[in-house]
Amino acid sequence: MTSLDNQQYTVNPIGFIQSPFKEKFAIPRQPRLASSAHGIIKLIAPYNHPDAVRDLEQFSHLWLIFRFHQTAQQGWNPLVRPPRLGGNKKTGVFSTRSTFRPNSIGMSAVKLERVIINKNQAQIEVSGIDLLDGTPILDIKPYIPYSDAVDAQGGFADAPPAITMSIEFSEAVLSFIATQTQYPNLLALITQVLEQDPRPAYKKNTDQIQQYGVRLYDFNIQWQVVNNTTLVTNISQV
Ligand code: SAH
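Residues numbered from 1 in each chain as written. Predicted model: local features only at pLDDT ≥ 70, side-chain atom pairs only at ≥ 80, totals over all residues. Heavy atoms only, no water.

> Requested: an account of the sheet that holds strand 12 (residues 229–237), with residues and values cited.
Strand order across the open sheet formed by four strands is 9-12-11-10, with mixed pairing between neighbours. Two strands bound the open sheet, and with one partner strand each, they are strand 9 (166–169) and strand 10 (210–216). Pairs of neighbouring strands in the sheet enclose a mean axial angle of 30 degrees, with direction left out of account. In this structure, strand 9 lies alongside strand 12, joined through four bridges in parallel fashion. If you follow isoleucine 167 over to strand 12, its bridge partner there is threonine 230. (Pairing = 2+ DSSP bridges. Helix = DSSP H or I, 4+ residues; strand = E, 2+ residues; numbered from the N terminus. Axes fitted to C-alpha atoms, helices over the stretch in contact; angles between N-to-C directions.)

Structure follows, in structure tokens:
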């Protein structure tokens, strides 16, 4: 048998996802934690041929295989500090879903919303995504429940992260959001994203007021956290 050392493979994106998440901060740490996070997979030629997605709508969920393109240059380490272990305990990279891994490959099971055929070109709307805007998609496969949904043990991530944060909005923010009729999911999306409490773990044990900001779609959103309450204080169009 010949040595398999140093084999290299070239993968080409089949498309790129258009996502509300414009920066890594505050993206949910797994898919389906924010059902209002919708994205559109813009397939590129020749993968956008309508034949390539024939019968896809029979499936409710899809596996997305993608490249962690924004962190790929930073390499990997055998040990990582996952947020689920409080951000200071190390564990093996292959025991985590860390973005810093060999080959920088991500995988997410997301909900299929619809297949869009426009001018004989296919695009796919999905929801519950945890992908950055512009993430290269390497492959798409149907989620097959009889095989993929197993009664399994989830180690240190056995249950979804507990939601202990209550989310409040200033009057000004609420009325601004109400005018954004092209984003009917905006209030729900902000709520679901902030309920995940995206603060770094080491910031969580303080009763100081903490200010944060993030970009979702083309809105800058600012909030403050005091104990277990998040108040969205400001929103503006970029
Ligand atoms: N469900 C995937 C991803 C888990 S990590 C998997 O298990 O493989 C999820 C985190 O990946 C998000 O919180 C976000 O911070 C990060 N992320 C998403 N898209 C990315 C990209 N294109 N490049 C780098 N990091 C990304």
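> Give me the pattern of salt bridges: which residues, what numbers.
In total, this model carries six salt bridges according to the counting rule given. One salt bridge in this structure joins lysine 111 and glutamate 113, with 3.6 Å as the shortest N-O distance. Each of Asp197, Arg199 and Lys204 takes part in one network of salt bridges that share partners. (Salt bridge = Lys/Arg side-chain N within 4 Å of Asp/Glu carboxyl O.)

> Which residues make up the site of the ligand, and what are the values?
Inspection of the region around the ligand gives 21 residues, with His69, Arg97, Ser108, Asp130 and Thr135 positioned closest. Within the backbone of proline 28, one N or O atom sits 3.0 Å away from an oxygen atom of the ligand. Taking glutamine 70, its main chain carries an N or O atom lying 3.1 Å from a nitrogen atom of the ligand. Protein coverage of the free-state accessible area of the ligand, which is 580 Å², stands at 95%. When residues of the shell around the ligand are traced back to their parent elements, those giving at least two are strand 3 (61–67) and strand 6 (105–118). Of all the elements, strand 6 adds the most residues to the shell around the ligand, at three residues. Among the residues forming the shell around the ligand, the class breakdown is eight nonpolar, eight polar and five charged. (Near = heavy atom within 4 Å. Polar contact = N/O pair within 3.5 Å; in protein donor to acceptor, adjacent residues only side chain to side chain. Areas by Shrake-Rupley, 256 points an atom, 1.4 Å probe, with all protein chains shown as cover. Nonpolar A, V, L, I, M, F, W, Y, C, P; charged D, E, K, R; others polar.)

> Describe in detail the sheet that holds strand 8 (residues 136–142), supporting the description with residues and values.
Taken in spatial order, the six strands line up as 1-2-7-6-3-8 and close into a barrel, and their pairing is antiparallel. Each neighbouring strand pair of the sheet contributes to a mean axis angle of 45 degrees, computed without reference to strand direction. As judged from the seven bridges shared by strand 6 and strand 7 (residues 121–127), these two strands associate in the antiparallel manner. Each residue of the ladder has a partner; that of isoleucine 117, found in strand 7, is alanine 122.

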